[in-house]
Amino acid sequence: MEALLTGLASSAGVGAESLLQASRAALIDTLASPSTTILTRFMNSSVGVLEGQIARGVDTQPFLELLAFVMETMPSQELVDESFRYATHE
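The structure displayed is predicted, hence computed values, not measured ones.

A. Quick look at the overall build of the chain. Each helix and strand counted, the chain has four helices and zero strands in total. Written out in order from the N terminus, the α and β elements of the chain read α-α-α-α. The buried share of the chain, taken over its 90 residues, is 38%. Long-range pairs, those at least 24 residues apart, make up 71% of the contacts in the chain with a sequence separation of at least 6. On the chain, roughly 5,400 Å² of surface is accessible, and the fraction owed to carbon and sulfur atoms is 57%.

What follows is the structure, encoded as structure tokens:
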């Protein structure tokens, strides 16, 4: 999933406005499923993507733009789950 997220950041993170809107709408439609499993998996994988980009010295702005959009759009209370590893990830 991390490879998918890295590629997604190039189309939904920064770019032409029409591409951003279409990519982000598709992503939110996917993440807004009744089950929080997809959203939790997305957020857990996002931690790994960001760590990898920082370790390799890659520009993190596109991915951070995508992550900020998701966090602003999706209800955060859905992530109150022991499987979301943001607080314990090392």
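B. Local environment of the nonpolar core. In terms of nonpolar packing, the biggest core is built from 16 residues, with Leu27, Leu31, Phe42, Phe63, Leu66 and Val70 touching the most fellow members. Elements that contribute at least two residues to this core include exactly α1 (2-12), α2 (17-31), α3 (37-56) and α4 (61-73). With five residues, α3 is the largest single contributor of residues to this core.

C. Molecular detail of α3. Spanning 20 residues, α3 covers 29 Å between terminal C-alpha atoms, matching the ideal 28 Å at 1.5 Å per step. Two residues or fewer past α3, glycine 57 is found with a positive phi of approximately 75°.

D. Spotlight on the side chain of threonine 60. Position of threonine 60 relative to the elements: it lies in the loop between α3 and α4. When near neighbours in sequence (up to four residues on either side) are disregarded, threonine 60 contacts Leu50, Gln53 and Ile54.

E. Just the packing of aromatic side chains, in detail. Counting across every chain of the model gives zero aromatic pairs. One Lys or Arg, arginine 24, reaches over the ring of phenylalanine 69 and ends 4.7 Å from the middle of that ring.

F. Looking closely at the packing of α2 against α3. Their axes nearest at 8 Å, the elements α2 and α3 cross at an angle of 120°. Taken together, α2 and α3 sit at an angle that is classed as oblique. Here Leu27, Thr30 and Leu31 of α2 lie close against α3, whose contacting residues are Ile38, Leu39 and Phe42. Looking at the contact of α2 with α3 residue by residue, the class counts come to five nonpolar, one polar and no charged.

G. Spatial organisation of the environment of alanine 3. Its place among the elements puts alanine 3 in helix α1. Alanine 3 sits in the exposed class, given a relative accessible area of 66%. With 42 residues separating them in the primary sequence, alanine 3 and serine 45 have C-alpha atoms 9.4 Å apart.

H. The side chain of serine 45, seen in detail. Assignment of secondary structure puts serine 45 in helix α3. Assessed through its relative accessible area of 10%, serine 45 is described here as buried. The contacts of serine 45, once residues within four sequence positions are left out, are Met1, Glu2 and Leu5.

Rules of the game
Residues numbered from 1 in each chain as written. Predicted model: local features only at pLDDT ≥ 70, side-chain atom pairs only at ≥ 80, totals over all residues. Heavy atoms only, no water. Helix = DSSP H or I, 4+ residues; strand = E, 2+ residues; numbered from the N terminus. Buried < 20%, exposed > 50% of the residue type's maximum accessible area, 1.4 Å probe, protein only. Contact = heavy atoms within 4.5 Å. Areas by Shrake-Rupley, 256 points an atom, 1.4 Å probe, with all protein chains shown as cover. Core = buried A, V, L, I, M, F, W, Y, C linked by side-chain atoms within 4.5 Å. Expected span 1.5 Å × (residues − 1). Phe/Tyr/Trp six-rings, centres within 6.5 Å; stacked < 30°, edge-to-face > 60°. Lys NZ or Arg CZ within 6 Å of the ring centre and 35° of its normal. Axes fitted to C-alpha atoms, helices over the stretch in contact; angles between N-to-C directions. Parallel < 35°, antiparallel > 145°, perpendicular 65-115°, else oblique. Nonpolar A, V, L, I, M, F, W, Y, C, P; charged D, E, K, R; others polar.

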